[in-house]
Amino acid sequence: MQQLPKYVQEKDGKLWLTEAEGNNLYIRYGIKEVVYEKQSPYQHVMIVDSYDFGKMLVLDGFVQTTAGDGFIYNEMIAHLPLSFHPNPQRVLIIGGGDCGAAREVTKYDSVEMIDLVEIDASVVDVCKKHLPEVSGNLSDPRVNYHFTDGVGFVQDVDTRYDVIIVDSSDPVGPAVELFGLDFYKNVYRALNDDGLMVCQSESPLFYADVMQQTYERIDSLFPIAKTYSATVPTYPGGFWSFTLGSKRYDRPHTTFDKEARYVTDGILSQCFQLPQFMQDALRGETNE
Ligand code: SAM
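The text that follows walks through the structure, step by step, so that each part is easy to find. The structure displayed is predicted, hence computed values, not measured ones.

### Thoughts on the sheet that holds strand S9 (residues 143–146)
Sheet strands pair by backbone hydrogen bonding; their relative direction is either parallel or antiparallel. Taking strand neighbours across the sheet as the criterion, the 7 strands line up as S9-S8-S7-S10-S11-S13-S12 in an open arrangement whose pairing is mixed. In this open sheet, the two strands that pair with only one neighbour each are S9 and strand S12 (224–231). Strand-to-strand twist in this sheet, taken as the mean axis angle between neighbours without regard to direction, amounts to 15°. Pairing of S12 with strand S13 (residues 239–246) involves 8 bridges; the strand directions are antiparallel. For alanine 225, the partnering residue across the bridge sits in S13 and is glycine 245. Against the sheet, helix H1 (residues 70–84) makes contact with strand S7 (90–95), strand S10 (161–167), strand S11 (191–200), S12 and S13, and its axis sits at roughly 160° relative to S10, the strand it touches most.

### A short note on a nonpolar patch on the surface
A cluster of nonpolar side chains, contributed by Leu25, Leu205, Phe206 and Tyr207, occupies part of the molecular surface with about 340 Å² of accessible area. Its location among the elements puts leucine 205 in the loop between S11 and helix H7 (208–221). For leucine 205, a relative accessible area of 46% translates into the label partly exposed.

### Section: the sheet that holds strand S6 (residues 62–66)
Read from one edge of the open sheet, 6 strands run S1-S2-S3-S4-S5-S6, paired in antiparallel fashion. With one partner strand each, in any of the chains shown, strand S1 (8–11) and S6 form the two edges of the open sheet. Sheet twist, expressed as the average angle between the axes of neighbouring strands with direction ignored, equals 50°.

### Side note on the packing of aromatic side chains
In the structure shown here, the tally under the stated rule is 11 aromatic pairs. Ring centres of tyrosine 73 and tyrosine 235 lie 5.5 Å apart, and the angle between their planes is 75°; this geometry places the pair in the edge-to-face category. Of this pair, tyrosine 73 sits in helix H1 while tyrosine 235 is found in the loop between S12 and S13, placing the two residues 162 residues apart along the sequence. Across this residue pair, the class does not change: tyrosine 73 and tyrosine 235 are buried. Geometrically, the ring pair formed by phenylalanine 183 and tyrosine 184 is tilted, given 5.8 Å between the ring centres and 55° between the ring planes. Each member of the pair phenylalanine 183 and tyrosine 184 is classed as buried. The ring of tyrosine 51 carries lysine 14 above its face, with NZ or CZ at 4.9 Å from the centroid. The aromatic ring of tyrosine 188 is capped on one face by lysine 247, whose charged end is 3.9 Å from the ring centroid.

### Examining the nonpolar core
By size, the foremost hydrophobic cluster in this structure holds 38 residues, and its most contacted members are Ile93, Val105, Ile165, Tyr228 and Phe242. Broken down by secondary-structure element, the contributors of at least two residues to this core are H1, S7, helix H2 (100–105), strand S8 (113–117), S10, S11, S12 and S13. Considering every element that reaches this core, the biggest residue donor is H1, with 8 residues. Apart from the residues lying within four places of it in its own chain, the contact partners of phenylalanine 242 are Tyr73, Met76, Ile77, Val198, Cys199, Gln200, Ser201, Lys226, Thr227, Tyr228 and Ala230. Phe179, Met211, Tyr215 and Phe222 belong to the second largest nonpolar core, which has 31 residues in total.

### Digging into helix H6 (residues 181–189)
Buried residues of H6: Phe183, Tyr184, Asn186 and Val187, and no others. Buried residues along H6 cover an arc of 160° about the axis, so they all sit on one side. Those residues of H6 hidden inside the fold are in contact with S7, helix H5 (150–156), S10, S11 and H7.

### Focus on unusual backbone geometry
The phi angle of most residues is negative, glycine excepted, and most peptide bonds adopt the trans form. Phi angles above zero are rare outside glycine, and aspartate 12 is one such case at about 50°. With respect to the helices and strands, aspartate 12 occurs in the loop between S1 and strand S2 (14–21). With relative accessibility at 75%, the residue aspartate 12 sits in the exposed group. The phi angle at glutamate 202 is positive, at roughly 75°, despite the residue not being glycine. Here glutamate 202 lies in the loop between S11 and H7. Its relative accessible area of 2% is what places glutamate 202 among the buried residues.

The rules behind each value
- Residues numbered from 1 in each chain as written.
- Predicted model: local features only at pLDDT ≥ 70, side-chain atom pairs only at ≥ 80, totals over all residues.
- Heavy atoms only, no water.
- Pairing = 2+ DSSP bridges.
- Helix = DSSP H or I, 4+ residues; strand = E, 2+ residues; numbered from the N terminus.
- Axes fitted to C-alpha atoms, helices over the stretch in contact; angles between N-to-C directions.
- Contact = heavy atoms within 4.5 Å.
- Patch = residues over 30% accessible without salt bridge, like charges linked within 9 Å, V, L, I, M, F, W, Y side chains within 5 Å.
- Areas by Shrake-Rupley, 256 points an atom, 1.4 Å probe, with all protein chains shown as cover.
- Salt bridge = Lys/Arg side-chain N within 4 Å of Asp/Glu carboxyl O.
- Buried < 20%, exposed > 50% of the residue type's maximum accessible area, 1.4 Å probe, protein only.
- Phe/Tyr/Trp six-rings, centres within 6.5 Å; stacked < 30°, edge-to-face > 60°.
- Lys NZ or Arg CZ within 6 Å of the ring centre and 35° of its normal.
- Core = buried A, V, L, I, M, F, W, Y, C linked by side-chain atoms within 4.5 Å.
- Arc of directions from axis to C-beta.

Here is the structure:
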C-alpha cells in the first residue's frame, strides 16, 4: 500500500487531511486523493483533492489556497492596492507561488511588468500543473519569475515598484522575516514615491498579536496604514486580515471594472470597516 504523507490519515476507508493549529485545534478535510507530494529543500509541498474545496495546495501541512475559495484571498490581496493606484506599471509579488495573485494583477492593462519572487520553484510548478483553478496556468509574458528569497531580493533590488504585494505563508520557516520591520523598510525603499504595499496579516481571532504588530510596523513607516478583512473559509477561523501601507493613495482611484468573483466596488470600501474587537486589537488592547 502507498505510504501516506504524515498530514494525511485513513479512517474507515476515507482519507483525511489534518491541519494542526497549535495543540488544541485540528481542522480536518475529507479528501479523495493525494495528487502530489514531495519534500522540497524548503518545505513539504502537497496537492490534495478535497471533497468540499476541490484541489488544495498544502505546505508543511497548512492549507495555502484551494480551488474552492482561493479567489477570495487572491482578489483581496491584489485588487485593493491596484485599484488605489491610478497607473500601476511595475508590480512586485513576494511569495505568491500559487500564481493566484499574479493572475489578478494581469487584469490591469497599465501593468508592464510583474516580478514574482518565490523561494520555492516547486510551488509554482505544481500549481501550474495541478491547480489551474487558482494559477490559471499563468503564462502572461509580463510575469518574471525569480526563485529566490524575498528578503534578500527587496534588500538588493534597484527597480522601483508602484505596488508590492507580500503574499507570504504564515510566519514560520522561510516566511518569518517577511513579517519583520527590516523587511518592511526595504519594501518602503523599493516603492516609488506614490507606491503602496499590502501583506496578509493573519487571523484577527487566533493571531491578533501578529496582526497588531504588522499594522504597527507598517504604520511606523508609511503615512497611510490601513487594515482590512475578508472571510476565507479555509484559513483558521475564517476571518482574515490584510494590511495596506501607502505613500499617497488612500482610496480606490476609480470604479472597479475588472472581472472578479469576490471584489466589487462596495467591497473595496467596506472591507476597511472593522469590527470593534479588531479595532481594539490594532490599538494593542485585548478583550480578555
Ligand atoms: N495565500 C497563502 C496564505 O496566506 O496562506 C499564501 C500563498 S503563497 C503559496 C505563500 C508562498 O510564500 C509559498 O509558496 C512559500 O514558498 C513562499 N515563501 C515563504 N517564504 C518566502 C520567502 N522568504 N521568500 C519568497 N517566498 C517565500
